[in-house]
Amino acid sequence: MNLKKYLVRALHRLQKGPGYTYKELLVWYCDNTNTHGPKRIIKEGPKKKLIWFFLTLLFASLVFWQWGILINTYLSYNVTSSLSIGFKTMKFPAVTVCNANPFKYSEVKPLLKELDRLIEAALERILQPGNSSDDVSPPLDLELWNQIPLVLIDEHDKDNPIILDIFETNHTAVGTNSTSEEKKYKLAVKLCSHQGSDNCTYRNFSSAAQAVTEWYILQSTSILSKVPLHDRIRMGYQAEDMILACLYGAEPCNYKNFTQIYHPDHGNCYIFNWGMDEEALNSSNPGAEFGLKLILDISQQDYIPYLSSAAGARLMLHQQKSFPFLKDQGIYAMAGTETSIGVLVDELERMGYPYSDCTMNGSDVPVRNLYSQYNTSYSIQACLRSCFQNHMVEICGCGHYMFPLPEGVNYCNNEDYPGWAYCYSSLRSSIKQRQICIDSCKETCNDTQYKMTISMADWPSEASEDWIFHILSYERDMSTNVTLDRNGIIKLNIYFQEYNYRTISESAATTIVWLLSSLGGQFGFWMGGSVLCLIEFGEIIIDSLWITVINVISWCKGLKQRRARARYPDAPPTVSELVEAHTNLGFQPEPGGAGPGAEALPPEPGTPPPNYDSLRVQPLDPLGPDSDTE
C-alpha cells in the first residue's frame, strides 16, 4: 500500500515538472556548477558579467572544437608500426624452380611449325627486303597470319600514318635498315574484334623484337590452349632430367622430394618443402652449409627460339602452401654460374577492420579464388588474377590460357573466339578494370616475406669443368661422353643468413583510453571541469527537456479547454438548476427517504420534456486535486 502511495506521489511530481522556469533553472546551474566561469556571470557587475559571459562562451567553443578534432582522429583508426627482432629456429621456405623456357622445342615443334614459318618469312621481308622471295614451298598458312597479323606503320606523315601488311606490301619498300627515311616504319600487332572487321586496334612497340615476341606469345597461346594438360606436362622439362643433384644440409635429396605443378608461364615447375603432404622442414643452423644445394640442367639448346628470349632458371622463395607467382616475385639464375641466395625473414602483422582492410583467409573477399583448386592459401596475387580471369570470361566469353579456368569455361583460341586477342588487350589496358580488381581484393593480415641477398660466380671453373661435366653426364645418362655444357648448368645455394627475424607489427595509434584522457585534458584546461561537471550539464539538459514537455502538455490541455468553451459558450449550471433538472426528469426522492431502488414517478401530463442543452459540466483541473500542492 505504501508503494502505491509512493508511485502516485511520484506521478504527481512528474506531472508538475521541476517546478521552475528556464531562467530560474539557468541561474541555479550557474550558481551551483563546479565549472569555472558560469558562477562569475551571475555574481559580478554588469561590465564584468559581459566579459565573463564572452570568455565562457569562447572557451566552451574551443573545448567543443578540440573535442571534434580528437573524436575525428580517433575515428580515423590510424596505426603505428613497430619493429621487433627475434631469434628462433625457423621453417625453411618453400623453393620453386622452373625453366625459363616452358616446353622443349623438340616436343612442341610440330604444333608451332606453321607459326615458325610465318614469323621467319615475315622477318625475312622486314630485315632483308632485297633477298626475300614470294615463292615459298610449301605455301604459308596466311589464314593463321590474318587472325592476328603483324603490320608496318609508315610514319613519314605523322598526321596520316599508313598501315602496311607485311605479306601484302611490296617487299622492296618495307626494309628498316636501308636508309634513314625507311627507319620511320614501326612494327605493330593488329588486333580486331573479329576477322575482317574495321573495329581494330594496333599495339605499337619501340622495337621490332618486342613486337615479334608479343605476336608469337599471342599466337602460341591460341595454339597451346587447345592442347590437353597432360600433353603440356609431357612436353615440358621432367624433374629427373632437370634436377641433377640435391642436398639439404647434410641430408641428400633428389627430384622425388619435389612437388610438380604446371605453371602456364614456365611449364613444369618443382617445389621443394611445399608442406602439402609432409611437415615443413626446419633449418638447423644459419649459413650456406645448412641450406639447400641444387644443380640444374636447363637444356638451353632445346629452347623455343621466338618464345623464350631469356635463358636460365626461374626460382622463387615463398611460404608453405602458397602458390608461386614467379612472373611477379621470382628471380632468374644464370646458366654457367653458382648463385648463392642468403635469406632474411620479415614477418608482417597487420591490424584488421576497422584499422585496415586486410583479410585473414580471403573468405570475406567478393572475388572467387580460382587458385583454390591447388589447395593453396589466399594471396592478393591470386585474387587479382582471379578477378581478371572472371572479367575475361564475363566480357570475352572465354578464359585466358595463363590463368586457371572457372568451371564450365573454355580457353580462348583464334578458331572458336576470333576476337579474343582484341578483347584481352582492351581488358588488360583498361584502368577501370584494374581499379575494380584492386578495390575488390585485400591484402593478407599476416604475411611472411623473404629478403634475398644474391651473389654469383662462374661455375664450374675452367680447371674443374671437365671432370664435373663427365660425372654429371654419367649420372644422368649413364654415358661416358660429355652431354652437358656450361650453357645449360646452374648451381644454387639457398640458406638463412642468420636466425634473427624481424617482425613488423601494427598497433592502434589511438585508443579509447587516449580519447577519454584527451577529452578530459582539453575540458580541464579550458574550463576547469571534470566528469562531474559533465554530469551537472547533463542534469540541466534533462531538466530543460522536462520543463519543455510539461509546457507542451499544458499548452495542449489549454487549447482543448478553449475549444470546449468555444463550443459551449453558456455559463455552467448552478446546483439549484441541476436539482431542478433532476426533479423534472423524475429523480426526486419520495418523502421518507426512498433509496436508490425506489421507482421514479412519471411526469405529470402536459409537462414539457427536459432541456438537456442547459446541462453544463465544469471541466476538471487536468492535474488533479493536488495540482497546486506537492
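Check the entry above for the structure.
All values reported here derive from a predicted model rather than from experimental measurement. (Residues numbered from 1 in each chain as written. Predicted model: local features only at pLDDT ≥ 70, side-chain atom pairs only at ≥ 80, totals over all residues. Heavy atoms only, no water.)

**Focus on the nonpolar core**
Cut-off, in case you're wondering: We call a set of buried Ala, Val, Leu, Ile, Met, Phe, Trp, Tyr and Cys residues a nonpolar core when their side-chain atoms join them within 4.5 Å. Partly exposed residues are those whose accessible area sits between 20% and 50% of the maximum for their type, while under 20% is buried and over 50% is exposed, using a 1.4 Å probe and protein chains only. We count a stretch as a helix when DSSP gives it H or I for four or more residues in a row; a strand needs E for two or more, and each element gets its number in order from the N terminus. Every residue pair with non-hydrogen atoms within 4.5 Å of one another is taken to be in contact.
Residues Leu150, Trp215 and Tyr216 are the most contacted members of the largest nonpolar core, which totals 63 residues. With nine residues, the single largest contributor to this core is helix H5 (residues 105–127). Setting aside chain neighbours within four positions, we find Tyr216 in contact with Leu112, Leu115, Asp116, Ile119, Ile304, Tyr306 and Leu307. Counting 36 residues, the second-largest nonpolar core is a separate cluster that includes Phe92, Ala100, Leu294 and Leu317.

**Considering helix H7 (residues 208–224)**
Using the following cut-off: The span you would expect from a helix comes to 1.5 Å times its residue count less one.
For H7, with 17 residues, the first-to-last C-alpha span of 24 Å sits near the 24 Å given by 1.5 Å per residue. Buried residues dominate H7, accounting for 12 of its 17 residues. Within the sequence span of H7, burial applies to Ala211, Val212, Glu214, Trp215, Tyr216, Leu218, Gln219, Ser220, Thr221, Ser222, Ile223 and Leu224.

**Overview of the pairing of strand S9 (residues 258–263)**
Put simply, the test is: Pairing between strands is defined by DSSP: at least two bridges between the two strands are required.
Looking at chain direction, S9 and strand S10 (residues 267–272) are connected through six bridges and run antiparallel. Within S10, the residue paired with Gln260 across the bridge is Tyr270. Between the end of S9 and the start of S10, which pair antiparallel, lie three residues.

**Section: the sheet that holds strand S12 (residues 313–318)**
Note the threshold: Interaxial angles span 0 to 180 degrees and are taken between N-to-C directions of axes, which are lines fitted to C-alpha atoms, for helices over the stretch in contact.
Strand order in the open sheet formed by five strands is S9-S10-S2-S12-S13, and the pairing between neighbours is antiparallel. Sheet topology places S9 and strand S13 (331–333) at the edges, where each strand pairs with a single neighbour. Each neighbouring strand pair of the sheet contributes to a mean axis angle of 30°, computed without reference to strand direction. As judged from the four bridges shared by strand S2 (residues 94–99) and S10, these two strands associate in the antiparallel manner. Within S10, the residue paired with Val97 across the bridge is Tyr270.

**Focus: the packing of helix H11 (residues 380–396) against helix H12 (residues 420–428)**
Worth spelling out the cut-off: Roughly parallel covers angles under 35 degrees, roughly antiparallel covers those over 145, roughly perpendicular covers 65 to 115, and oblique covers all other angles. Handedness of a helix crossing follows the sense of rotation of the near helix relative to the far helix, less than a right angle counterclockwise being left-handed and clockwise being right-handed.
Between H11 and H12, whose axes approach to 10 Å, the crossing angle comes to 135°. By the angle between their axes, H11 is oblique relative to H12. In the crossing of H11 with H12, the sense of the turn from one axis to the other is right-handed. Only Trp420, Cys423, Tyr424, Leu427 and Arg428 of H12 make contact with H11, whose side of the interface consists of Phe388, His391, Met392, Ile395 and Cys396.

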